[in-house]
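Spelled out, the chains give:
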Amino acid sequence: MKVAILGAGAIGAYVGAALHQAGADVHLVARGPHLAAMRRHGVRVLSPRGDFTAHAHATDDPADIGPVDYVFLGLKANSYAACGPLIEPLLHGSTAVVAAQNGIPWWYFHHHGGPHDGHHIESVDPGGAVSAVLAPERAVGCVVYAATELEGPGVVRHLEGTRFSIGEPDRTLSPRCQAFSEAMQAGGLKCPVEPDLRNDIWLKLLGNISFNPISALARATMRQMCHHGGTRQVIQTMMEETLAVAEALNCRIGISIERRLAGAERVGDHRTSTLQDLERGKPLELDVLLTAVIELADITGVDVPTLRTVHAISDLLALGTAA
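Residues numbered from 1 in each chain as written. Predicted model: local features only at pLDDT ≥ 70, side-chain atom pairs only at ≥ 80, totals over all residues. Heavy atoms only, no water.

### Examining the packing of aromatic side chains
No. 1: In the structure shown here, the tally under the stated rule is three aromatic pairs.
No. 2: Considering the side-chain rings of Tyr70 and Phe180, the 5.1 Å spacing of their centres and the 45 degrees angle between planes classify their relative orientation as tilted. Linking Tyr70 in strand β6 (residues 70-73) with Phe180 in helix α5 (residues 175-186), this pair joins segments that are 110 residues apart in sequence. For the residue pair Tyr70 and Phe180, the accessibility class agrees, reading buried in each case.
No. 3: Ring centres of Tyr108 and Phe109 lie 5.0 Å apart, and the angle between their planes is 85 degrees; on these two criteria the pair is classed as edge-to-face. Just as Tyr108 is buried, Phe109 falls in that class too.
No. 4: Over the aromatic face of Tyr108 sits the side chain of Arg198, whose NZ or CZ is 5.4 Å from the ring centroid. (Phe/Tyr/Trp six-rings, centres within 6.5 Å; stacked < 30°, edge-to-face > 60°. Helix = DSSP H or I, 4+ residues; strand = E, 2+ residues; numbered from the N terminus. Buried < 20%, exposed > 50% of the residue type's maximum accessible area, 1.4 Å probe, protein only. Lys NZ or Arg CZ within 6 Å of the ring centre and 35° of its normal.)

This is the structure we're talking about:
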């Protein structure tokens, strides 16, 4: 199996290192000091499950790699529309794109069925720019339950979790999903093929839509947000509104809000990816987390006043980081 990791950051490099350990032909695409370090020393993974180093091929030029069987997309979703020159050299007729993104994906209504089948979500696919680069037919959805951070160039700190749930937009249990799942499991990761990944998308989003923007606005860790009574109530209300939108789209999340909050509290003083991006001066990935759900609330007629309020404030913050 030949796999390119496009965007070999904290999650991408971790997945690439695991697949390489299992014998896959892995190619890491990155840049800057991180790329230089991976070329010299490999990917160093520091994990409570055991440290290891993987010496996979690393480059900043996908043309060095050529067509692959799978592209594991580790880029931020707000980079998808511009990734055409990077991904095109990696594609052949049946290359699958495993998109490890938070939030609502551009392919969400592809083969969805029902009254919204094929609906275009403008906030995640503005003007169809993402679909033009990443054809929905290539997409394999991926919901990441692992927490990692780049501790330094070429060094990935694995904090917790090894689950990467995957699934087809059309809900089939496809051979390409099964093969990728087996390769991930051989590398020591959990990779269940879900019959309807949209349920997992909403489960993960339940935390991201609330904790991520609030963490950036308050500069707070997971523990701090859970322990502050007023903030905890705001987060709970955001989760309730998000559940209402999910249910309007016939998705059911088999977990209570209290259990979701308890799980977040156990993570401790972890900084969300949005807070990390803010601290590093990077654009904030809020369109797929928050704006998209408000757009879905509009088409389903669900009232989401708290989501709209937090969106207005966090959008102003995001405009400041993009300036």
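### Re helix α9 (residues 257-267)
No. 1: The complete set of buried residues in α9 reads Ile257, Arg260, Leu261 and Ala264. For α9, the arc enclosing every buried residue in end-on projection is 100 degrees, short of the 170-degree limit, so these residues lie on one face. Residues of α9 that are exposed and point more than 90 degrees away from the buried face comprise Arg259 and Arg266.
No. 2: Structurally, α9 contributes buried residues whose contacts are with α6 (197-218), α7 (222-227) and α8 (229-248).
No. 3: Remark: Gly268 follows α9 within two positions and exhibits a positive phi of approximately 85 degrees. (Arc of directions from axis to C-beta. Contact = heavy atoms within 4.5 Å.)

### A closer look at the environment of Ala292
No. 1: By the secondary structure assignment, Ala292 is in helix α11 (residues 287-300).
No. 2: Under the relative-accessibility criterion, Ala292 is labelled buried at 0%.
No. 3: Ala292 sits 49 residues away from Leu243 along the chain, and the two C-alpha atoms are 14 Å apart.
No. 4: Not counting chain neighbours up to four residues away, the residues in contact with Ala292 comprise Ile104, Ile121, Ser123, Val124 and Asp287.

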